[in-house]
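Structural description and commentary
Spelled out from the first residue to the last, the chains are:
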Amino acid sequence: SSIPAGAHYMDGPPPSGGSTDADGPQVVTWTISADLMRHYRTLFEQYGSPGADVISADEAQVALLKSSLPNPDLYHIWELVATKSNGYLTVGEFACAVHLVSLRRMGVELP
């Protein structure tokens, strides 16, 4: 299935971008909440094949390109999350990718 027209693939609870500590620099919260994980799992199921436990690189690319992030950022995110380098992402890896995309769109620097 696909995302309904007009819906953004990251619609859902926003990730916590962190806060500013007393010295001013941003403190980023990298943890994925239970609510966000449910949202990311829903995205995984929408972009992947029904019942699959992995999503292909092509399927993940369709989702991640909707972020409008520059290709170097998307490539870096893929390198961070595709731990097996097998051309597929598990739901956990996909969730990490979408979370990193969300944080990057909020101006957070990638690790």
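To keep things clear, this report deals only with the structure shown in the data block.

Here we take up the nonpolar core. Membership of the largest hydrophobic core comes to 23 residues, with the highest contact counts inside it found for Ile 55, Ile 77, Leu 89 and Phe 94. Of all elements in the fold, only helix 1 (34-47), helix 2 (57-65), helix 3 (71-81) and helix 4 (91-105) reach the threshold of two or more residues within this core. Setting aside its immediate chain neighbours within four residues, Ile 77 contacts Leu 69, Ala 97, Leu 100, Val 101 and Leu 110.

Further remarks concern the layout of surface pockets. Gaps left between atoms are located by rolling a probe of water-molecule size over the structure's atoms. In this structure, the largest pocket spans a volume of roughly 210 Å³. In this structure, the largest pocket is lined by Ala 57, Asp 58, Gln 61, Leu 64, Leu 65, Asn 71, Leu 74, Tyr 75 and Trp 78. Of all the elements in the fold, those that place two or more residues in the lining of the largest pocket are helix 2 and helix 3. The dominant element in the lining of the largest pocket, judged by the number of residues it contributes, is helix 2, at five residues. For the lining of the largest pocket, a count of residues per class yields six nonpolar, two polar and one charged.

With that settled, the discussion passes to helix 4. With 15 residues, helix 4 should cover 21 Å at 1.5 Å per step; its first-to-last C-alpha distance of 21 Å lies within 8% of that length. Burial within helix 4 is extensive, with 12 of its 15 residues counted as buried. Looking at helix 4, one finds that the buried residues are Val 91, Glu 93, Phe 94, Ala 95, Ala 97, Val 98, His 99, Leu 100, Val 101, Ser 102, Leu 103 and Arg 104. Buried residues along helix 4 sit in contact with helix 1, strand 3 (54-56), helix 2, helix 3 and strand 4 (88-90).

So, on to helix 1. For helix 1, built from 14 residues, the straight-helix expectation of 20 Å at 1.5 Å per residue is met to within 8% by its first-to-last C-alpha distance of 20 Å. When we look at burial in helix 1, the residues that qualify are Leu 36, His 39, Tyr 40, Leu 43, Phe 44 and Tyr 47. The arc enclosing the buried residues of helix 1, seen along the axis, measures out at 145 degrees, which places them on a common side. The elements touched by buried residues of helix 1 are strand 3, helix 2, strand 4 and helix 4.

Moving on, we come to the packing of helix 2 against helix 4. Put simply, helix 2 and helix 4 touch, their axes get as near as 11 Å, and they point 20 degrees apart. One finds that helix 2 runs roughly parallel with respect to helix 4. Where helix 2 crosses over helix 4, the handedness of that crossing is right-handed. Residues Ala 60, Ala 63 and Leu 64 of helix 2 touch helix 4, and the partners they reach there are Phe 94, Ala 97, Val 98 and Val 101. By residue class, the composition of the contact of helix 2 with helix 4 is seven nonpolar, no polar and no charged.

With respect to the helices and strands, the residue Cys 96 is situated in helix 4. Remark: the alpha-carbon pair of Cys 96 and Trp 78, spanning 18 residues in sequence, is separated by 9.6 Å. Once residues within four sequence positions are removed from consideration, Cys 96 is found in contact with Ile 32 and Val 81.

Criteria and cut-off values
- Residues numbered from 1 in each chain as written.
- Predicted model: local features only at pLDDT ≥ 70, side-chain atom pairs only at ≥ 80, totals over all residues.
- Heavy atoms only, no water.
- Core = buried A, V, L, I, M, F, W, Y, C linked by side-chain atoms within 4.5 Å.
- Buried < 20%, exposed > 50% of the residue type's maximum accessible area, 1.4 Å probe, protein only.
- Helix = DSSP H or I, 4+ residues; strand = E, 2+ residues; numbered from the N terminus.
- Contact = heavy atoms within 4.5 Å.
- 1 Å grid on protein atoms, 1.4 Å probe; cavity = no way out; pocket = protein on both sides within 12 Å on 5 of 7 lines; lining within 4 Å.
- Points joined across faces, edges and corners; volume = space filled by probe spheres on them.
- Nonpolar A, V, L, I, M, F, W, Y, C, P; charged D, E, K, R; others polar.
- Expected span 1.5 Å × (residues − 1).
- Arc of directions from axis to C-beta.
- Axes fitted to C-alpha atoms, helices over the stretch in contact; angles between N-to-C directions.
- Parallel < 35°, antiparallel > 145°, perpendicular 65-115°, else oblique.
- Left-handed = near helix turned anticlockwise from the far one by under 90°.

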